[in-house]
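Coordinates in review
One letter stands for each residue in the lines below.
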Number of protein chains: 2
Amino acid sequence: MPVDAFAVLAEPARRRILDELRDADRSVGELVAALTISQPTVSKHLKVLRDAGFVSSRTAAQQRIYHVEPAQFAALDEWLAPYRLLWTKHLDKLARHLDTMER
Amino acid sequence: MPVDAFAVLAEPARRRILDELRDADRSVGELVAALTISQPTVSKHLKVLRDAGFVSSRTAAQQRIYHVEPAQFAALDEWLAPYRLLWTKHLDKLARHLDTMER
DNA sequence: TGGTTGTATGCCTTGACAAGAATATGCCTA
DNA sequence: TAGGCATATTCTTGTCAAGGCATACAACCA
């Protein structure tokens, strides 16, 4: 069953994890230290993120190093795209309005 | 209390409502007809969307006409932006790779 | 091999939230 | 003003997921 990307990102803790991984790959322990969340909780969130394809992990001795899979964000962007159109259109209108005002 | 945009959009029904409103403004009744959701449920979702600033409504006689507020999507896009960077970088790398292969 | 570190998993409780049914509210028309 | 239509709200119930705790598993080290 396909996982709902929005539902996955709805959890603030998961977004914090992603934000952390955006800078650099991290082991689970590093994530636990950086955020202030228990290790089991972090591991569970990582599982959700992994299942949804937002991150992947490699094994380095006893540690698992996680890193972001940027491709997965495309789905999100795809949904957002038509709205971005609307809203840049809106910005254009605003710009024209301001332009009109200053004449 | 600020509403979490991701949490709001996590509900598929709410995204369907937004997709419907993207084409044109709609009354609650039209939304109920278009989607196949009970009227109270639609009203409740609309309330959530309104509180989060994703839509606004005007009163037309007994009807309430809803329309999308595109500006609200900016927050979403803002969060997504750094990841988009990562992933276009990734696409670049892929392109270079393909380029290399065809030589 | 036994102990230790790093990570994952299972169970349980609790809280959040969605949907249904019933009802309330607002605005119109006769 | 009564009645009817469009929408909102309340209450209740069921579902699901998050987090705590304990524990299992895996890889390293002495």
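Residues numbered from 1 in each chain as written. Chains lettered and ligands numbered in written order. Predicted model: local features only at pLDDT ≥ 70, side-chain atom pairs only at ≥ 80, totals over all residues. Heavy atoms only, no water.

1. With respect to the protein's contact with DNA strand D
Among the 21 residues in the neighbourhood of DNA strand D, the closest are listed as A:K44, A:H45, B:G29, B:S43 and B:Y66. Among all atoms of DNA strand D positioned within 4 Å of the protein, those belonging to sugar or phosphate total 63%. Take B:V28: an N or O atom from its main chain is 3.2 Å from a phosphate oxygen of DNA strand D. Contacts to DNA strand D include B:Q39, whose side-chain N or O atom sits 2.8 Å from a base nitrogen. Of all the secondary-structure elements, those providing two or more residues to the surface near DNA strand D are α4 (39-51) of chain A together with α3 (28-34), α4 (39-51) and β3 (63-68) of chain B. (Near = heavy atom within 4 Å. Polar contact = N/O pair within 3.5 Å; in protein donor to acceptor, adjacent residues only side chain to side chain. Helix = DSSP H or I, 4+ residues; strand = E, 2+ residues; numbered from the N terminus.)

2. Describing the domain arrangement of chain A
You'll often see interface size given as the accessible area lost when the parts meet. All names here are of chain A. Under the domain assignment, chain A is made up of domain 1 (1-68) and domain 2 (70-102). Distance from the C-alpha centre of domain 1 to the C-alpha centre of domain 2: 30 Å. Carbon and sulfur atoms make up 84% of the surface buried where domain 1 meets domain 2, a total of about 600 Å² over both sides. On the domain 1 side of the interface with domain 2, the three residues burying the most area are F6, F54 and V68, jointly 62% of the side's total. Taken together, the residues of the side of domain 1 that touches domain 2 sort by class into six nonpolar, one polar and no charged. (Domains from an automatic or database assignment. Buried area = accessible area lost by both parts, 1.4 Å probe. Nonpolar A, V, L, I, M, F, W, Y, C, P; charged D, E, K, R; others polar.)

3. Considering the sheet that holds β3(B)
Residue and element names in this part refer to chain B. If you walk across this open sheet you meet the three strands as β1-β3-β2, and the pairing is antiparallel. What marks the edges here is a single partner per strand, and that holds for β1 (26-27) and β2 (55-60). Of the strand pairs in this sheet, β1 and β3 are connected by two bridges, and their pairing is antiparallel. In the strand pairing of β3, S27 is matched with I65. On top of the sheet, helix α2 (residues 12-23) reaches β1, β2 and β3; it is set at about 90 degrees to β3, its chief contact. Here α4 sits on the sheet in contact with β2 and β3, set at roughly 120 degrees to β2. (Pairing = 2+ DSSP bridges. Contact = heavy atoms within 4.5 Å. Axes fitted to C-alpha atoms, helices over the stretch in contact; angles between N-to-C directions.)

4. Focus on the sheet that holds strand β3 (residues 63-68) of chain A
Hydrogen bonds between backbone atoms are what pair the strands of a sheet, whose relative direction is either parallel or antiparallel. All names here are of chain A. One open sheet holds the three strands; their spatial order is β1-β3-β2, and the pairing between them is antiparallel. In this open sheet, the two edge strands, each paired with only one partner strand, are β1 (26-27) and β2 (55-60). Strands β2 and β3 of the sheet are contacted by α4, whose axis makes an angle of about 120 degrees with β2.

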